[in-house]
Amino acid sequence: MALEKVSEILKMADRAKTSAIAFNCVDYPMIKSVVKVAEELNKPTIIMLYPEHARDKHWTTPAVFAAAVKTEAKKVKVPIGLHLDHCSDYNYILAAIKEGFQSVMYDGSMLSVEENIKNTREVAKAAHALGADVEAELGRVGFANTVTDQSDEDMYTKAEVAASFCEQSNCNSVAVAVGTAHGFYKETPKLDIQRLKSINAATDVPLVMHGGSGVPDEQLEIAFREGINKFNVGTEFFYLYYQTMQEFCSAGHPDFFDLPLLAQERLENYLRTKMLLSKL
Ligand SMILES: [Zn+2]
C-alpha cells in the first residue's frame, strides 16, 4: 500500500494502548529488512532518517531514502510510515517534506520552552499546509555517554507544561524525557513512570520515546501502556549492522556482493524481537 501517515499509525497505537516501533535506517538493506519483518509480523512500523546521515555522512539523500521506503511500502499490506528524525533546520525540514517525508521532527529541545513553542509552531504551520505531521520535543533527551543525562531531572519533561506546549506548538506528537538518553547506556536506565503518567494525563497528543536502545523490556511494556505511542530505535540497530559488516570482512568472505543478504538476515532476527514488543 501507499505510505501511511505517521499520525494514523500513532492513533492505531493509542487505541491499542501500545507503541509503534520506529527504526532509524541509513540504506536500502536496512529499509528492506524493516519492511519485510513488519509485513511478516503484521506490525505497522515507522522508518526514520536521521538528517546527519544524509547531509553530513552521505549514506543517502532524503529523496533517495523516501523513494526506497515508498517503493518497499507499496509491495506490502502492512502500514509503513516515513519520518525525518531530529532536525532543527527549517529549510531542511521543508525540503524533506517536498521530497516525500510526510512526518518530520522539529527538535527545539535545546531552546527555552517559549522559543521551542514559537519555532515548532512555525514548522507545524508550513508542514501542515503540505499535509505533513510534526513531532516536537519537550524537555531534553540527552546522551547516554555523558552518564548523567538520563538521570538529570532538570532535563525531564514537566507534566505541567505539556498541555500548553502541545496546544500552542500545534505539534502532532511530542518526544518526552522521562529517563532515557541516546546511545549506549553506562547504567541501566530507570524510567520515571509516574512522570510519564502525569504527562499522558495532561495531553491527548501521542507521546514519543527516544533513546530506546538498552531500556529493559519490562520497563518498555509499562511505558507503552502508560502513553508512549512511538518508540525510536537507532543505536542497537546500527551497531548490529556494523558488527555484521565487521564479521563479514574479518571472515574473509569470498563474495563482497553477498554482504546485503547476510546483513539483512541478521537485522531481521533482531527486528523480530523488537517489533514483538508492540501490541499493534
Ligand atoms: Zn532521538
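Preceding this paragraph is the structure being described.
A brief report on the enclosed structure follows. All residue numbers refer to positions counted from 1 along the written sequence of the respective chain. Only residues with pLDDT of at least 70 get local features here, since the model is predicted, and only at 80 or more are side-chain atom pairs given and counted; chain-wide, interface and lining totals rely on the full set of residues. Heavy atoms from the whole structure form the basis of all side-chain values; hydrogens and water molecules are not counted.

Remarks on the nonpolar core
- Only buried residues count toward a nonpolar core, which is a set of Ala, Val, Leu, Ile, Met, Phe, Trp, Tyr and Cys residues joined through side-chain atoms within 4.5 Å. Whether a residue is buried, partly exposed or exposed follows from its accessible area with a 1.4 Å probe, protein chains only, as a fraction of its type maximum: under 20%, in between, or over 50%, in that order. Formed by 76 residues in total, the largest nonpolar core has its most connected members in Ile80, Val174 and Phe237.
- Looking at this core, the element that brings in the most residues is helix H2 (residues 28–41), giving six residues.
- The contact rule is simple, with two residues in contact once any of their heavy atoms fall within 4.5 Å. Residues within four places of Val174 in sequence aside, it is in contact with Ala136, Glu137, Leu138, Phe165, Cys166, Val205, Pro206, Leu207 and Val208.
- Grouped together as the second largest cluster of nonpolar side chains are seven residues, Val6, Leu10, Ala22 and Ile46 included. Put simply, DSSP marks the helices as runs of H or I at least four residues long and the strands as runs of E at least two long, and each gets a number from the N terminus on.

Brief notes about the layout of surface pockets
- In this analysis the probe radius is 1.4 Å and the grid spacing 1 Å, with only protein atoms considered; a cavity is a set of points the probe fits into but cannot get out of, a pocket is an open set with protein on both sides within 12 Å along at least five of seven lines, and lining residues have an atom within 4 Å of a point. Grid points are joined across faces, edges and corners, and a volume is the space filled by probe spheres set on the points. By volume, the largest pocket is sized at about 940 Å³.
- In terms of lining residues, the largest pocket is bounded by 41 residues, among which Tyr50, His53, Phe143, His182 and Phe238 are the most central.
- Secondary-structure elements contributing two or more residues to the lining of the largest pocket are helix H3 (51–55), strand E3 (80–87), strand E8 (228–233) and helix H10 (235–250).
- Per-element accounting of the lining of the largest pocket gives the leading share, seven residues, to H10.
- A class-by-class count of the residues in the lining of the largest pocket yields 17 nonpolar, 17 polar and seven charged.
- Space inside the second largest pocket adds up to approximately 190 Å³.
- Lining the second largest pocket are 13 residues; nearest its centre among them are Val113, Leu138, Gly139, Arg140 and Tyr156.
- Under this grouping Gly is polar, as are all residues other than the nonpolar Ala, Val, Leu, Ile, Met, Phe, Trp, Tyr, Cys and Pro and the charged Asp, Glu, Lys and Arg. Taken together, the residues of the lining of the second largest pocket sort by class into six nonpolar, four polar and three charged.

Things to note about the packing of H2 against helix H11 (residues 259–275)
- Orientation of H2 relative to H11, taken along the N-to-C sense of each, is 45°, at an axis distance of 9 Å. Between H2 and H11, the crossing angle belongs to the class labelled oblique. Here H2 and H11 pass one another in a crossing that is right-handed. Contact with H2, carried on its side by Pro29, Met30, Lys32, Ser33, Val34, Lys36, Val37, Ala38, Glu40 and Leu41, involves Pro260, Gln264, Leu267, Glu268, Leu271, Arg272 and Met275 of H11 and no other residues of that element.
- Tallied by class, residues from the contact of H2 with H11 come to ten nonpolar, two polar and five charged. Lines fitted to C-alpha atoms define the axes, with helix axes restricted to the stretch in contact, and inter-axis angles between N-to-C directions lie between 0 and 180 degrees. Orientation categories follow fixed angle ranges, with anything under 35 degrees roughly parallel, anything over 145 roughly antiparallel, 65 to 115 roughly perpendicular, and all other angles oblique. Working rule for handedness: look at the near helix, and if it is turned counterclockwise from the far one by less than a right angle, call the crossing left-handed; if clockwise, right-handed.

Here we look at empty space enclosed by the protein
- Applying the stated criterion across every chain, the model contains one cavity of 30 Å³ or more.
- Estimates place the volume of the largest cavity at around 50 Å³.
- Of the residues in the lining of the largest cavity, the class split is three nonpolar, five polar and three charged.

Topic: the sheet that holds strand E7 (residues 207–209)
- Pairing between strands is defined by DSSP: at least two bridges between them are needed. In space, the eight strands of this closed barrel follow the order E1-E2-E3-E4-E5-E6-E7-E8, with parallel pairing throughout. On average, each strand axis in the sheet is inclined to that of its neighbour by 30°, with strand direction left out of account.
- Relative to E8, strand E1 (residues 20–24) is paired through four bridges, and the arrangement is parallel. Looking at the pairing, Phe23 lines up with Val233 of E8.
- Against the sheet, H11 contacts E1, strand E2 (45–49) and E8, and its axis sits at roughly 150° relative to E1.

Examining the side chain of Ser109
- Structurally, Ser109 is set in the loop between strand E4 (103–106) and helix H6 (113–129).
- Exposure remark for Ser109: the relative accessible area of 11% places this residue in the buried category.
- The term polar contact refers here to a pair of N or O atoms within 3.5 Å; inside protein, the definition further demands a hydrogen-donor-capable atom paired with an acceptor-capable atom, and it admits residues adjacent in sequence only when both atoms are side-chain atoms. Polar side-chain contacts of Ser109 include one of 2.6 Å to the side chain of Asp107.
- Setting aside residues no more than four positions away along its own chain, Ser109 makes contact with Asn116, Glu137, Gly139 and Arg140.

Examining a nonpolar patch on the surface
- A cluster of nonpolar side chains, contributed by Phe184, Tyr239 and Tyr242, occupies part of the molecular surface with about 320 Å² of accessible area.
- Among the secondary structure elements, Tyr239 is positioned in helix H10.
- By relative accessible area, which is 38% here, Tyr239 ends up partly exposed. Only residues whose relative accessible area exceeds 30% and that form no salt bridge enter a patch; like-charged residues are grouped when within 9 Å of one another, and nonpolar side chains (Val, Leu, Ile, Met, Phe, Trp, Tyr) when within 5 Å. For accessible areas, the Shrake-Rupley method is used with a probe of radius 1.4 Å. Any residue's cover is judged against the shown protein chains and nothing else. Each reported salt bridge corresponds to a side-chain nitrogen of Lys or Arg within 4 Å of a carboxyl oxygen of Asp or Glu.

Concerning the coordination of the zinc ion
- Looking at the zinc ion, the protein donor atoms are His86 (NE2), His182 (NE2) and His210 (ND1), and they sit 2.0 to 2.1 Å from it.
- Counted as donors are the N, O and S atoms within 2.8 Å of the metal, or 3.2 Å for Na, K and Ca, while water is not among the atoms, so some sites may look incomplete. Counting residues between consecutive donors of the zinc ion along the chain gives the motif H-x95-H-x27-H. Taken together, the residues span a long stretch of sequence, with His182 in the loop between strand E6 (173–176) and helix H8 (193–202) and His210 in the loop between E7 and helix H9 (217–225) at a distance of 28 residues. For the pair His182 and His210, one class covers both residues: buried.

A few points about unusual backbone geometry
- With a phi angle near 50°, Lys17 is a residue other than glycine that sits in the positive phi range.
- In this structure, Lys17 sits in the loop between helix H1 (6–15) and E1.
- On the basis of relative accessibility, which here comes to 58%, the residue Lys17 falls in the exposed class.
- For Asn42, which is not glycine, the phi dihedral falls at a positive 55°.
- The residue Asn42 is located in the loop between H2 and E2 in this model.

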